[in-house]
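Listed below, chain by chain, are the residues.
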Amino acid sequence: DAESSSSHFRMIAGVVIEFCAVTKRLDLLYGPVFSAFLDAGQAHTFVDLLEPFVVTDRLRYISPMAMNSFVEHCKLVGDLKKVERCLLHMDVKILDFDSVLRLLRAEKLYTALLHIYNSGLDDFVTPLQMLFEDVFDGAERSQDVGRFMRFA
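Just so it is clear, the structure is predicted and the values come from calculations on it, not from any experiment.

(A) Representation of helix 5 (residues 64-77). Here helix 5 is 14 residues long and its end C-alpha atoms lie 20 Å apart, about the 20 Å a rise of 1.5 Å per residue gives. Turning to helix 5, its buried residues number three or more, namely A66, M67, F70, V71, H73 and C74. Summarising the axial view, the buried residues of helix 5 lie within an arc of 165°, below the 170-degree limit, and thus occupy one face. Considering only its buried residues, helix 5 is in contact with helix 2 (26-39), helix 3 (43-48), helix 6 (81-87) and helix 7 (97-107). One or two positions beyond helix 5, positive phi appears at G78, with a value near 70°.

(B) View of the state of the cysteines. All told, the structure shown has zero disulfides when counted by the stated rule. Looking at C74, it has no disulfide partner, and the nearest cysteine sulfur is the one in C86, 7.3 Å off. For C86, a relative accessible area of 1% corresponds to the buried category.

(C) Main features of the side chain of E84. Position of E84 relative to the elements: it lies in helix 6. Setting aside anything within four residues of it in sequence, one finds E84 in contact with L109, Y110, T111 and A112.

(D) Summary view of the nonpolar core. If you look at the biggest cluster of nonpolar residues, it comprises 41 residues, and the most contacted ones within it are I17, F46, L59, I62, L87 and I116. Every element with two or more residues in this core is listed here: helix 1 (2-23), helix 2, helix 3, helix 4 (50-55), helix 5, helix 6, helix 7 and helix 8 (110-121). When near neighbours in sequence (up to four residues on either side) are disregarded, L87 contacts M67, V92, L95, V100, L104, A112, H115 and I116.

Thresholds, definitions, all that
Residues numbered from 1 in each chain as written. Predicted model: local features only at pLDDT ≥ 70, side-chain atom pairs only at ≥ 80, totals over all residues. Heavy atoms only, no water. Helix = DSSP H or I, 4+ residues; strand = E, 2+ residues; numbered from the N terminus. Expected span 1.5 Å × (residues − 1). Buried < 20%, exposed > 50% of the residue type's maximum accessible area, 1.4 Å probe, protein only. Arc of directions from axis to C-beta. Contact = heavy atoms within 4.5 Å. Disulfide = S-S within 2.5 Å. Core = buried A, V, L, I, M, F, W, Y, C linked by side-chain atoms within 4.5 Å.

Structure (structure tokens):
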């Protein structure tokens, strides 16, 4: 049945991720292992189990393809904070900056945004400019709503 199949994939993913993390075989983890989970329609199971390894600093990297699946899975379950938590523990110097920064800006995940700009790009000004833009845009929108409500 589907429940035991899902449980089986969770167990296998946990063991394989642990093995690859301990042996530092990220090529294996994000190559044939991740591909096997994709082919089986279980990419969500695989990426869901990455978080504990990343936040405990046992994995410091997620491949771009796995990161895309991870982000999509987190969007689907409504937990993009999980992506932010992971990014705070990853080696940000080897990330796909463009796509990650776009996501963080769009979803207003400012802690990770600041971390990546500061640690990965040595840029301390741009994230503050973005933050201020968003704060001022929000203030303008709330003033516009207040004006609209008074005349409605």
